[in-house]
Amino acid sequence: MQPYQADPSSQINAALDAVKALVISLDGVLTNGTITLDGEGREMPGVYARDLVGIREALRLGMKVAVIAGRQAGAYRQVLEAAGPVDLFLDGEERLEAYEAFKSRHGLQDDECACIADDIDDLELLKKAGLPVTPINGAEYLRNRVAYISVFEGGRGCVREIAEMILDHQNRWEHSEKPNN
C-alpha cells in the first residue's frame, strides 16, 4: 500500500472491502513476542484466547487465515489447529514463500490479503498485502509503512481487533455495534 493523497479512511475502507484472508505473523502478533522454555528446553506456547476467538470467527465466516513463523514453532500447531482450518507455516519457511504458497492454495491476490506483522523481518509481507497492519507495539520503523496501527499489542488482542474490523466492515460480524446491521 503506497502513501495516499486522498482521505486515509477511504483507502482503508477500500482495502477492508477487498479482504478475504488474514495473514498473521506468529511472534509478536499472535504472541507477545516472548519465547518461554520449560526446564527441558521445550517451547511453552501461549496465545491470547480472544485472538483465537477472532481467528475462529473469521474462519467460520468464510475468511482464510494463515499463521507464519520465521522459525521452528511447531509447538503452536495444536493450539492453532483447534481454532479451525488455519494454514500453518511453522517450520521455519521463508516468510514470503509461505505467503505466496498460501495465496496460491486459495486463489488469492495481494489486495485480498490483510497482513498483521510487527517487525522489520516481515516488511516484505506488509509491502505486498492489500491491508498491512502492525500492533501498537510493533517496530517503530513500520509505523509509516502500514495502513493501520492496531490499538492493541501483539499477543493481547491485535488479531481479534483486525478480524473483527474486517468482518464488521463487510457486514458479516454478527455482534456489530453499527446501527442498522
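Residue positions within a chain follow its written sequence, with the count starting from 1. Residues qualify for local features only when their pLDDT is at least 70, as the model is predicted, and side-chain atom pairs are given and counted only at 80 or more; totals for whole chains, interfaces and linings, by contrast, use all residues. Heavy atoms throughout the structure, all of them, feed into the side-chain values; hydrogens and water do not.

Peer 1: Before we move on, could you go through the overall build of the protein chain and cite the residues and values that matter?
Peer 2: Counting secondary structure elements, the protein chain contains seven helices and six strands. Shown N-terminal to C-terminal, the secondary structure of the protein chain runs as helices and strands in the order α-β-α-α-β-α-β-α-β-α-β-β-α. Each radius of gyration reported is based on C-alpha atoms, and the globular scaling rule is 2.2 Å times the count of residues to the power 0.38. For 181 residues, the compact-globule estimate of 2.2 N^0.38 gives 16 Å, and the C-alpha radius of gyration of the protein chain, at 15 Å, lies within 12% of that figure. Taking the principal axes of its C-alpha atoms as reference, the protein chain extends roughly 55 × 35 × 30 Å. Note on conventions: DSSP H or I runs of at least 4 residues are helices, E runs of at least 2 residues are strands, and numbering of each starts at the N terminus.

Peer 1: Summarise unusual backbone geometry; cite the residues concerned and give the values.
Peer 2: Phi is positive for Asn171, which is not a glycine, with a value near 55°. Positionally, Asn171 belongs in the segment after α7 (158–169).

Peer 1: Quick one: what's the story with the packing of aromatic side chains, residue by residue and with numbers?
Peer 2: Here a Phe, Tyr or Trp ring, Trp counted by its six-membered ring, pairs with any other such ring whose centre lies within 6.5 Å, and the pair is stacked when the planes are under 30 degrees apart, edge-to-face when over 60, and tilted otherwise. Inspection of the entire model under this criterion finds zero aromatic pairs. Here, a charge over a ring is recorded when the distance from Lys NZ or Arg CZ to the ring centre is within 6 Å and its angle to the ring normal is within 35 degrees. Above the ring of Tyr141, the side-chain terminus of Arg145 is found at 3.7 Å from the ring centroid.

Peer 1: Account for the pattern of salt bridges, with residues named and values stated.
Peer 2: Counted as salt bridges are all cases of a side-chain nitrogen of Lys or Arg within 4 Å of a carboxyl oxygen of Asp or Glu. Overall, the coordinates contain 17 salt bridges when judged by the stated rule. The salt bridge involving Lys128 is made with Glu100; its shortest N-O contact spans 2.9 Å. Of the two residues, Lys128 sits in helix α6 (residues 123–128) while Glu100 sits in helix α5 (residues 95–106), which places them 28 residues apart along the sequence.

Peer 1: Can you lay out the packing of helix α3 (residues 49–60) against α7 for me, pointing to particular residues and giving the numbers?
Peer 2: One way to put it is that α3 packs onto α7 with a least axis distance of 7 Å and a crossing angle of 30°. In terms of orientation, α3 lies roughly parallel with respect to α7. Judged by the sense of rotation from one axis to the other, the crossing of α3 with α7 is left-handed. Where α3 abuts α7, its residues Arg50, Asp51, Val53, Gly54, Ile55, Glu57 and Ala58 lie against Cys158, Val159, Arg160, Ala163 and Leu167. The class makeup of the residues in the contact of α3 with α7 is seven nonpolar, one polar and four charged. Helix axes use the C-alpha atoms of the stretch in contact, all axes being lines fitted to C-alpha atoms, and the angles between their N-to-C directions lie in the range 0 to 180 degrees. Should an angle lie under 35 degrees it is considered roughly parallel, over 145 roughly antiparallel, and from 65 to 115 roughly perpendicular; all remaining angles are considered oblique. By definition, turning the near helix anticlockwise from the far helix through less than a right angle yields a left-handed crossing, and turning it clockwise yields a right-handed one. Note on definitions: a residue-residue contact is assigned when non-hydrogen atoms from the two residues lie within 4.5 Å. All amino acids are sorted into three groups, where Ala, Val, Leu, Ile, Met, Phe, Trp, Tyr, Cys and Pro are nonpolar, Asp, Glu, Lys and Arg are charged, and the leftover types, Gly among them, are polar.

Peer 1: Could you give an account of the side chain of Ser25, with specific residues and numbers?
Peer 2: Checked against the element boundaries, Ser25 lands in strand β1 (residues 21–25). Here's how the labels work: a residue is buried when its accessible area is under 20% of the maximum for its type, exposed when over 50%, partly exposed in between, all with a 1.4 Å probe on protein chains only. A relative accessible area of 4% means that Ser25 is categorised as buried. Beyond its immediate chain neighbours, meaning those up to four positions away, Ser25 contacts Leu30, Ile68, Ile116, Ala117, Asp118 and Asp122.

Peer 1: How would you sum up the sheet that holds strand β5 (residues 131–134)? Please name residues and give values.
Peer 2: Strand order across the open sheet formed by six strands is β3-β2-β1-β4-β5-β6, with parallel pairing between neighbours. Pairing within the sheet leaves two strands with one partner each, and these edge strands are β3 (87–89) and β6 (148–149). For two strands to be treated as a pair, DSSP must find at least two bridges joining them. In terms of strand pairing, strand β2 (residues 64–68) meets β3 through three bridges, oriented parallel. In the strand pairing of β3, Val67 is matched with Leu88.

Peer 1: An account of α3 is needed here, citing residue identities and associated values.
Peer 2: In this model, α3 (twelve residues) spans 16 Å end to end at C-alpha, consistent with the 16 Å of a helix rising 1.5 Å per residue. Taken together, the buried positions of α3 are Asp51, Leu52, Gly54, Ile55, Glu57, Ala58 and Leu59. Check the buried side of α3 and you find it contacts β1, α2 (26–30), β2, α4 (77–81) and α7. Gly62 lies just past α3 and shows a positive phi near 100°. A helix is expected to span 1.5 Å for every residue after the first.

Peer 1: Can you tell me about the confidence of the model for the protein chain, naming the residues and giving the values?
Peer 2: The predictor reports its confidence for every residue as pLDDT, a score running from 0 up to 100. Mean pLDDT for the protein chain: 90, with 94% of residues reaching 70 or above. Note on residues 1–6: pLDDT under 50 across the span, and eleven contacts to partners over four residues away in sequence or across chains.

Peer 1: Go over the pairing of β1 with me, naming the residues and quoting the values.
Peer 2: Burial within β1 is extensive, with five of its five residues counted as buried. Bridging between β1 and strand β4 (residues 113–116) involves four bridges; their strand directions are parallel. Along β4, the bridge assignment pairs Val23 with Cys115.

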